[in-house]
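Residue-level structural notes
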Amino acid sequence: MTDQLEIKELTKTDPLPYDLLLLADPSRKNIDQYIFNSTIYVANITGTTIGCYVLHEKTKETIEIKNISVDSKHQSNGLGTILLNHAIGTAKSRGYKQIMIGTGNSSVGQLYLYQKVGFRITGILPDFFNKHYEEPIIENGIQCRT
Ligand code: ACO
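The rules behind each value
- Residues numbered from 1 in each chain as written.
- Predicted model: local features only at pLDDT ≥ 70, side-chain atom pairs only at ≥ 80, totals over all residues.
- Heavy atoms only, no water.
- Pairing = 2+ DSSP bridges.
- Helix = DSSP H or I, 4+ residues; strand = E, 2+ residues; numbered from the N terminus.
- Axes fitted to C-alpha atoms, helices over the stretch in contact; angles between N-to-C directions.
- Contact = heavy atoms within 4.5 Å.
- Near = heavy atom within 4 Å.
- Polar contact = N/O pair within 3.5 Å; in protein donor to acceptor, adjacent residues only side chain to side chain.
- Areas by Shrake-Rupley, 256 points an atom, 1.4 Å probe, with all protein chains shown as cover.
- Nonpolar A, V, L, I, M, F, W, Y, C, P; charged D, E, K, R; others polar.

Looking at the sheet that holds strand E5 (residues 98–101)
Pairing is mixed in the open sheet, where five strands are placed in the order E1-E2-E3-E4-E5. With partners counted over all chains shown, the strands left at the sheet margins are strand E1 (5–9) and E5, one partner each. Averaged over all adjacent pairs, the angle separating strand axes in this sheet is 25°, with direction ignored. Bridge count for strand E4 (residues 62–70) against E5 is four bridges, and the pairing is parallel. Considered in E5, the bridge of Ile65 is made with Ile101. Of the strands in this sheet, E1, strand E2 (39–45), strand E3 (48–57), E4 and E5 are in contact with helix H3 (residues 79–93), which crosses E4 at around 160°.

With respect to the site of the ligand
In the neighbourhood of the ligand, 24 residues make up the surrounding shell, with Gly78, Thr81, Gln110, Tyr112 and Lys116 lying closest. One nitrogen or oxygen atom from the main chain of Gly80 is found 2.8 Å from an oxygen atom belonging to the ligand. Between Thr81 and the ligand, the recorded distance is 2.5 Å, taken from a side-chain N or O atom to an oxygen atom. Protein contacts shield 73% of the accessible area of the ligand, which totals 940 Å² for the unbound molecule. For the shell around the ligand, the secondary structure elements donating two or more residues are helix H1 (18–24), E4, H3 and helix H4 (108–116). Looking at the shell around the ligand residue by residue, the class counts come to ten nonpolar, twelve polar and two charged.

Now the structure itself:
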């Protein structure tokens, strides 16, 4: 699969991959607060978009991976790892010194994956999901709160 994979920056005229973006962030309202001043990269296989990630500058030195997503039919095949490493490479090549990524307390698989590619936990935002999402998010049988 990976030999056919093409990862490219989305141009301003390309349609936004909301189906993928919403897998990682269930609030369209929240997505629209960062997507229009971010850079979006899509992973295509034979012309079909099967994954994406979004880079958003926080400061001149720090960039955040705001959204990373792989189509459910293509998950657990290593694409998420490829996209994360691509995002890290892109951020470094653009001169950022710090790369951030956030996820919820209930996203145990994502917490595992992010640490596996090198991220380290540096802080928690208590009640972040209660404050920023209208609907409760339940994942792996627990509520996503922080
Ligand atoms: N649950 C359990 N394990 C997981 C999960 C999960 N949700 N996601 C990844 N893993 C593990 C895999 O088992 C694998 O383990 P291994 O290397 O020991 O075999 C490892 O992480 C790497 O998996 P990949 O195949 O590289 O990752 P994948 O292609 O499945 O993509 C991703 C991971 C992007 C999280 C995908 O599952 C997805 O799109 N999920 C829905 C959207 C989402 O949750 N996005 C992240 C939200 S936070 C944010 O966007 C900043």
